[in-house]
Amino acid sequence: MAQDLTNQLDRDGIVLLPPLITSTQLRGMQQAFEARLRRMAWNDTLGYERTEMYRHMIQDVLILDQGFLNVALHPLVQQVLNAYLGPHFQLVEAKGWRSLPTKKDFHGWHADAWYDQKAVSSIPREVKLAFYLTDVRSGALNYIKGSHRTQHPRPIPRGELTNISTDMIVEATGPAGSAFMFDTSGTHRQALPVLEPRQAVFLNYHDPAIPLQQEDIEYYRYHPLLLNAAFLDNLTREDQRILGFGDKRNYQHGFERRRRHPMLEAMNRSLMEATLHVDQALYYPRRALSKARRLLGR
Ligand SMILES: O=C(O)CCC(=O)C(=O)O
Ligand SMILES: [Fe+2]
């Protein structure tokens, strides 16, 4: 089974995996993901990140539910990754998002750029595991079969794809729970139009010894995984290695991300502080009022 999947991944650049988890586990993952999607992250509220128009982003999904870890470390997934990436791969990113309905080609055809292309001359391997949390009938992952490992990853202008026939494009539709693995050096995108919101997670595996491109270092994209202690029982030594236990190679001490909206941030902080002042000023009058109400029996 793993051999067949690896062969298909090698040939096409993308492969559909058999079901990896139970429907109970899937429900748990959906519920935890939905809970995060209800509100934007702010102050003490864990929620989604809003940095682009058409996606609500959730970083570090491994802390949300046991199921995400089980998918990421599934024995079949490990076998395929070992065969395709070699023994040094790790899980280097685990994030998900809700794509909002749109007719816009907001991401466009591309291959995923991640390594320092000046320092690395060959095309190092990277695989993503896409896992759907909703039924995906539109806005599926699209992948051009056999386009992997041909050139350094970059955005692919439409003009370069004029002689691509539709039978060369894999349209990865499927019910919630569907999982695909793809070589990220192949040409892919989210299909358009997106007719209904799509919720999916993308788990990213590569060898952390490979030097990263500057923009990902500056953003601290491949920070060591954030994990939930509650889910870490029963890990094998190999699971721990894949999760990067104790690996500080891409750790940045005291990292501070460049602020994109300093004015907005300052406004938010001032409003919050003003709210706290008002709350505090009204604390004693409110307490006196409710005491008076109690005494008057109302
Ligand atoms: O959202 C999609 O279907 C494509 C995502 C993608 O390009 C990626 O994760 O690299
Ligand atoms: Fe991509």
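Keep in mind the model is a prediction, meaning the values are calculated, not measured.

To continue, consider unusual backbone geometry. Leu192 connects to Pro193 through a cis peptide bond whose omega is 0°. Here Pro193 is to be found in the loop between strand S8 (188-190) and strand S9 (198-206). In this model, Asp60 sits at a positive phi of 55°, which is unusual for a non-glycine residue. Relative to the elements of secondary structure, Asp60 occurs in the loop between strand S2 (55-58) and helix H3 (66-72).

For strand S7 (residues 179-183), the buried fraction is high: five of the five residues fall into the buried class. As paired strands, strand S1 (residues 14-17) and S7 are joined by four bridges and run antiparallel to one another. Looking across to S7, one finds that Val15 is bridged to Met181. Bridge count between strand S4 (residues 126-132) and S7: five bridges; the pairing is antiparallel. Across the sheet, Val127 pairs through a bridge with Asp183, a residue of S7.

So, about the pairing of S4. With seven of its seven residues buried, S4 lies for the most part within the structure. Burial along S4 is two-sided: Glu126, Lys128, Ala130 and Tyr132 and Val127, Leu129 and Phe131, pointing in opposite directions, are all buried. As paired elements, S4 and S9 share seven bridges and run antiparallel to each other. Bridging across to S9, Leu129 finds its partner in Leu203.

On to the domain arrangement of the protein chain, then. For the protein chain, the domain assignment lists domain 1 (2-242) and domain 2 (259-298). Taking only C-alpha atoms, the centre of domain 1 and the centre of domain 2 are 43 Å apart.

With that settled, the discussion passes to the site of ligand 1. As a matter of local geometry, ligand 1 sits amid Asp112, Lys128, Leu141, Thr184, His188, Arg189, Gln190 and Phe202. When residues of the shell around ligand 1 are assigned to their parent elements, the largest contribution, three residues, is made by S8. Each residue belonging to the shell around ligand 1 can be placed in one class, and the counts come to two nonpolar, three polar and three charged.

Scoring rules and cut-offs
- Residues numbered from 1 in each chain as written.
- Chains lettered and ligands numbered in written order.
- Predicted model: local features only at pLDDT ≥ 70, side-chain atom pairs only at ≥ 80, totals over all residues.
- Helix = DSSP H or I, 4+ residues; strand = E, 2+ residues; numbered from the N terminus.
- Buried ≥ 20, exposed ≤ 12 C-beta atoms within 10 Å, placed from the backbone.
- Pairing = 2+ DSSP bridges.
- Domains from an automatic or database assignment.
- Near = placed C-beta within 6 Å.
- Nonpolar A, V, L, I, M, F, W, Y, C, P; charged D, E, K, R; others polar.

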